[in-house]
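# Residue-level structure breakdown
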Amino acid sequence: MLSDTTAPFATHALAVPGGHVLSVQEFGARDGMPVVLLHGGPGSGSSPLLRSVFDAAHWRIVCPDQRGAGASRPRGETAHNDTDALIADLRLIREHLGIVRWVVVGGSWGATLALAHAAAEPRAVAALLLRASFLARPQDIAAFFGELSLDRLAAELDSPDAATREAAALAWWRREQQLAGAQAAAPHGEALAAQVERLRVQAHYLRHGCWLQAPTLLERCETVPRVPTHLIHARDDRVCPPEGAVLLQRRLPGATLQWVDGAGHDAAHPAMLAAMRGALSNHARSGRFTP
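A short tour of the structure in this document, coming up. What you see is a predicted model; the values in this text were computed from it and never measured.

### Quick notes on the pairing of strand 6 (residues 125–131)
Regular strands place side chains that alternate from one sheet face to the opposite one. Burial of strand 6 is extensive: six of the seven residues sit out of reach of the surface. Judged from the six bridges that link them, strand 5 (residues 102–107) and strand 6 form a sheet pairing that is parallel. Of the residues in strand 6, the one forming a bridge with V103 is A127. In terms of handedness, the path from strand 5 via helix 3 (residues 109–120) over to strand 6 forms a crossover that is right-handed. Bridging between strand 6 and strand 7 (residues 229–234) involves four bridges; their strand directions are parallel. Residue pairing for strand 7: L130 is matched across the bridge by L231.

Laid out in structure tokens, this is it:
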């Protein structure tokens, strides 16, 4: 049975270079196995849903909000905000918390960052659990936007006019909903303002190929440590192409790939939640994500 993961036992405000202050919360057991949980986006921020799959009696769950995201400040800021900075931040967080090695769990962009972090600091990574991995190739980014223009959306999200910013955020949100096959109510008010700030960060990353074009994420896999690595991906994910998971498994010796049917890109889909919980439960028992 999973323990409660709703109340943090510690909250940190960690100043990092470039004027950002990161919000880092810790949940679960103080003396548990360290795991860092990397949220998606970029720019989405941590959420109770992402940590709900952990048994808090076993894990020390470190939940950082990346630069410009969630409770980190300044929210929506793109200056001094790139992939190398996020990788450096993870090292600072780990050192600040006195953690030598941790399990790294991430979904979507969080899986991308998890791999980039593992490639840069292989000795810090004990295992990798990657949901809905995103390679950030030009074709992946182009397929996401379809007929929409990323450059135009990025410019409109930075407009001084609030109505222009909100219209761009809603156009992007509708595209996400279309690809995900979701039918959620459109955001408004504070929720829409938060979408503007989230998508400003995401547009900033995607316009630069997430700074993962030279070397690519697949090329970086050469330096990812040979630790237990498990990929979970929905066969019908239209946001993060399933092909990416196949290519990653081929580049990561010993990695296992678990397919989920019908979940799309929905981290909250019951089948996806069950797959994540099962993998983490397996690791807690045996040190491997598979039975």
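### Some details on the environment of R165
Among the secondary structure elements, R165 is positioned in helix 6 (residues 162–180). On the basis of relative accessible area, R165 is assigned to the partly exposed category, the value being 22%. Between the C-alpha atoms of R165 and A154, which are 11 residues apart in sequence, the distance is 9.2 Å.

### Overview of the sheet that holds strand 2 (residues 20–28)
The strand order 1-2-4-3-5-6-7-8 describes an open sheet built from eight strands, whose pairing is mixed. On the outer flanks of this sheet lie strand 1 (10–16) and strand 8 (256–260), each paired with one strand and no other. Neighbour-to-neighbour, the strand axes of the sheet open up by a mean angle of 20°, direction not taken into account. Relative to strand 5, strand 3 (residues 33–38) is paired through four bridges, and the arrangement is parallel. Pairing of L38 across the sheet is with G106, part of strand 5. Contacting strand 1, strand 2, strand 3, strand 4 (59–64) and strand 5, helix 2 (residues 83–96) crosses the sheet at an angle of about 130° to strand 1. The strands that helix 9 (residues 242–251) touches are strand 7 and strand 8; relative to strand 8, the one it contacts most, it runs at about 160°.

### Concerning the nonpolar core
Membership of the largest hydrophobic core comes to 63 residues, with the highest contact counts inside it found for I93, L128 and W172. Per-element accounting of this core gives the leading share, eight residues, to helix 3. Not counting residues up to four positions away in its chain, the partners in contact with I93 are L14, L22, V24, V62, P64 and W102. Grouped together as the second largest cluster of nonpolar side chains are 24 residues, L37, V53, V260 and A263 included.

The rules behind each value
- Residues numbered from 1 in each chain as written.
- Predicted model: local features only at pLDDT ≥ 70, side-chain atom pairs only at ≥ 80, totals over all residues.
- Heavy atoms only, no water.
- Buried < 20%, exposed > 50% of the residue type's maximum accessible area, 1.4 Å probe, protein only.
- Helix = DSSP H or I, 4+ residues; strand = E, 2+ residues; numbered from the N terminus.
- Pairing = 2+ DSSP bridges.
- Right-handed = clockwise from strand over helix to strand, strands pointing away.
- Axes fitted to C-alpha atoms, helices over the stretch in contact; angles between N-to-C directions.
- Contact = heavy atoms within 4.5 Å.
- Core = buried A, V, L, I, M, F, W, Y, C linked by side-chain atoms within 4.5 Å.

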